[in-house]
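Report on the structure
Spelled out from the first residue to the last, the chains are:
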Amino acid sequence: MTDVGLLTSKFDIPANIILSGNTHFDRFKGALAENYVAQSLVTNGHNIFYWESKGKAEIDFVMQDKGGNIIPIEIKSGEHTKSKSLGVFCSRYEREHSIRISGKNFGFENGIKSVPLYAVWLI
């Protein structure tokens, strides 16, 4: 959906469950985070794509910056940020950097720019 609020409303998910850390919500929390990021990126004028490697790895979004560079974007709804898929993509296509959006703060390590979920609108 084009709006995260409408998405949660459609599935009758109260806001307090999203914020409470309820483990029954974990599977939907990832989908909600991806929807939020997609909405933000498209609103900022980015064309977003999806990448998959024969069922072994997948990248949530791939976009191109103004300089023509292809940038993989991995979304994690919490602070657990381990991702085999991002490593597979970057080693296969030798990317200068990639972006990981998660519950963690800003940072840059091993060619991965970390952006917190609340700051996606800056991309």
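Preceding this paragraph is the structure being described.
Residues numbered from 1 in each chain as written. Predicted model: local features only at pLDDT ≥ 70, side-chain atom pairs only at ≥ 80, totals over all residues. Heavy atoms only, no water.

So, about the overall build of the chain. If you tally the helices and strands in the chain, you get four helices and six strands. When the helices and strands of the chain are read in sequence order from the N terminus, they spell out α-α-α-β-β-β-α-β-β-β. Within the chain, counting contacts between residues at least 6 apart in sequence, those at least 24 apart form 41% of the total. Here the chain has roughly 8,000 Å² of accessible surface; of this, 52% comes from carbon and sulfur atoms. (Helix = DSSP H or I, 4+ residues; strand = E, 2+ residues; numbered from the N terminus. Contact = heavy atoms within 4.5 Å. Areas by Shrake-Rupley, 256 points an atom, 1.4 Å probe, with all protein chains shown as cover.)

What follows deals with the sheet that holds strand β5 (residues 107-109). Strand order in the open sheet formed by six strands is β1-β2-β3-β4-β6-β5, and the pairing between neighbours is mixed. The sheet is open, and its two borders are formed by β1 (49-53) and β5, each paired with just one other strand. Direction aside, the axes of adjacent strands within the sheet are offset by 30 degrees on average. Of the pairings in the sheet, the one linking β5 to strand β6 (residues 112-116) comprises three bridges and is antiparallel in character. In the strand pairing of β6, E109 is matched with I112. In this fold helix α4 (residues 84-93) packs onto β1, β2 (57-64), β3 (70-75), β4 (98-102) and β6, with an angle of close to 60 degrees to the strand it touches most, β2. (Pairing = 2+ DSSP bridges. Axes fitted to C-alpha atoms, helices over the stretch in contact; angles between N-to-C directions.)

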